[in-house]
Amino acid sequence: MPEVSKRSNSAAWLALLLAVGALAANFAFFLNPPLQAALPWLSLLLAIAALIVLVIGLRRAVLQWQIYRGKVLSIFLAVLILMFAGASLFVFYHARALPNSTAAPQVGEQLPDFRLADASGQFVSLDNLFASSPNDPSSPAPKAVLLIFYRGYW
Amino acid sequence: MAISVDSPTVSLDLSKKAGYTFTILSDPDATVIRRYHLLHVGGGPDGQDIARPAEFLIDRGKIVRWANFAEDVRVRVRADEMLAAASQVR
C-alpha cells in the first residue's frame, strides 16, 4: 500500500521566520530608519505572532502527525523559536524598564546649575556653555544649549 | 553637550573615536543626574546606577524649552526634531 505523502509543517517554518524577524527588528534600530519609533512594537508583534504560529505548528506536528511530517524537526524548531522569540520579549521588557522621571525638569522650568569635569578634566558649568563655543572662541555665543543625558558604558 | 557617569578618560576616548566636537561632561557619582531626577538605579550593564536617557533644550535663562524622556533605550531622538526645537529659541 503506497504511503500517503505527508504535508510539510509550514507553520513551524513560518514561526521561525517570525521569531528571527522579531530579533532582527532589534538590529534595525542601528540603521536609524524613518519609523524607528514603531520598531519596538513591530518586534513585539512579530514575537507574539511567532509564538502563536508555533503553537499551531506544534499541535499539527504532535496531534496530526499522520498528516504533517517532521515531528522531530518541528520540536527542534520549536526550541529555536522559543529562544528567539523569548530573547525578543526579554529585550523589549528591559529596553523599556526605565524609571518614570516626573520629578525631572519639565518644559518651562529652570534647570538646576552644576559644575562637572569635561573630557580634559576642566570644570564646566551651565554658564560656561553659554559663554562661547569651546572649539571656536570667535563664534557667537549660543542662544540655546542641548543637554543630552546618556547611559554611558559604551 | 552630553552627560553620563563615564569618567573623563572614557569620554575623551569615546569622543576621539566618534569624532565628536561637542562638550562631554562626567558625572561619575551621578550627583547631577540625581539633582535632575534622572537616576536609573541598577540600569548599567553590571547593575551600576546610571542616567535614564533624556534630552533638554534650554535658553540663556536656563529655562527648559524642549525636553524628551526616552521610553525605550533603543529609540533615538531624531536630529531634525531637536534642530526644529532649537530654531524656535530666540
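All values reported here derive from a predicted model rather than from experimental measurement.

Asks: Explanation requested: the overall build of chain B in the structure shown.
Replies: Helix and strand counts for chain B stand at three helices and six strands. In chain B, the succession of helices and strands from N to C terminus is β-α-β-α-β-β-β-β-α. Dimensions of chain B, computed from C-alpha atoms along their principal axes, come out at roughly 40 × 30 × 25 Å.

Asks: Help me out: how do you make sense of the overall build of chain A in this one?
Replies: Across its full length, chain A holds four helices and three strands. Listing every helix and strand of chain A by position from the N terminus yields α-α-α-β-β-α-β. A compact globule built from 154 residues would reach a C-alpha radius of gyration of about 15 Å, whereas chain A, at 26 Å, exceeds it by more than 25%. Based on the C-alpha atoms only, the size of chain A along its principal axes is roughly 90 × 30 × 25 Å. Of the contacts made within chain A by residues no fewer than 6 positions apart, 63% connect residues no fewer than 24 positions apart.

Asks: Would you take a moment to explain the pairing of strand β5 (residues 54-59) of chain B for this structure?
Replies: Of all six residues in β5(B), five are buried; the element is thus mostly enclosed. Pairing of strand β3 (residues 144-149) of chain A with β5(B) involves six bridges; the strand directions are antiparallel. Directly across from A144(A), in β5(B), lies its bridge partner D59(B). A loop of four residues connects β5(B) with strand β6 (residues 64-69) of chain B, the two strands running antiparallel in sequence, and K62(B) in this loop sits at a positive phi of about 65 degrees.

Asks: Which parts of the structure should I look at to understand the environment of Y150(A)?
Replies: Its place among the elements puts Y150(A) in the segment after β3. Ignoring anything within four residues of it in the chain, the contact list for Y150(A) reads A2(B), S4(B), A51(B) and P53(B).

Asks: So what exactly am I meant to see when it comes to the nonpolar core here?
Replies: Counting residues in hydrophobic clusters, the biggest one holds 28 residues, and the most contacted among them are F149(A), I3(B), I33(B), L38(B) and A51(B). Every element with two or more residues in this core is listed here: β3 of chain A together with β1 (2-4), β2 (24-26), α2 (31-35), β4 (50-51), β5 and β6 of chain B. When residues in this core are grouped by element, the largest group, four residues, is from β5(B). Ignoring anything within four residues of it in the chain, the contact list for L38(B) reads S101(A), A104(A), F149(A), I33(B), A51(B), R52(B) and A54(B). Counting residues in hydrophobic clusters, the runner-up holds 20 residues, among them A25(A), A47(A), L77(A) and I81(A).

Asks: Looking at this structure, how should I read unusual backbone geometry?
Replies: The phi angle of most residues is negative, glycine excepted, and most peptide bonds adopt the trans form. Residue and element names in this part refer to chain B. Look at A30: it is not a glycine, yet its phi comes out positive at around 60 degrees. Along the chain, A30 turns up in the loop between β2 and α2. A30 sits in the buried class, given 21 other C-beta atoms within 10 Å. In this model, H37 sits at a positive phi of 55 degrees, which is unusual for a non-glycine residue. Along the polypeptide, H37 turns up in the loop between α2 and β3 (39-40). Owing to 16 C-beta atoms within 10 Å, H37 belongs among the partly exposed residues under this scheme.

Asks: Can you walk me through the interface of chain B and chain A in this structure?
Replies: How big an interface is tends to be stated in terms of accessible area lost as the parts join. Each partner contributes to the interface: chain B provides 56 residues, whereas chain A provides 46 residues. Listing elements by their share of the side of chain B that touches chain A, those giving two or more residues are β1, α1 (8-18), β2, α2, β4, β5, β6 and α3 (79-87) of chain B. When residues of the side of chain B that touches chain A are assigned to their parent elements, the largest contribution, six residues, is made by β5(B). Pairing of β3(A) with β1(B), which is carried by two bridges, proceeds in the parallel orientation. What sits directly across from F149(A), in β1(B), is I3(B).

About the thresholds
Residues numbered from 1 in each chain as written. Chains lettered and ligands numbered in written order. Predicted model: local features only at pLDDT ≥ 70, side-chain atom pairs only at ≥ 80, totals over all residues. Helix = DSSP H or I, 4+ residues; strand = E, 2+ residues; numbered from the N terminus. Rg over C-alpha atoms; globule rule 2.2 N^0.38 Å. Contact = placed C-beta atoms within 7 Å. Buried ≥ 20, exposed ≤ 12 C-beta atoms within 10 Å, placed from the backbone. Pairing = 2+ DSSP bridges. Core = buried A, V, L, I, M, F, W, Y, C linked by C-beta atoms within 7 Å.

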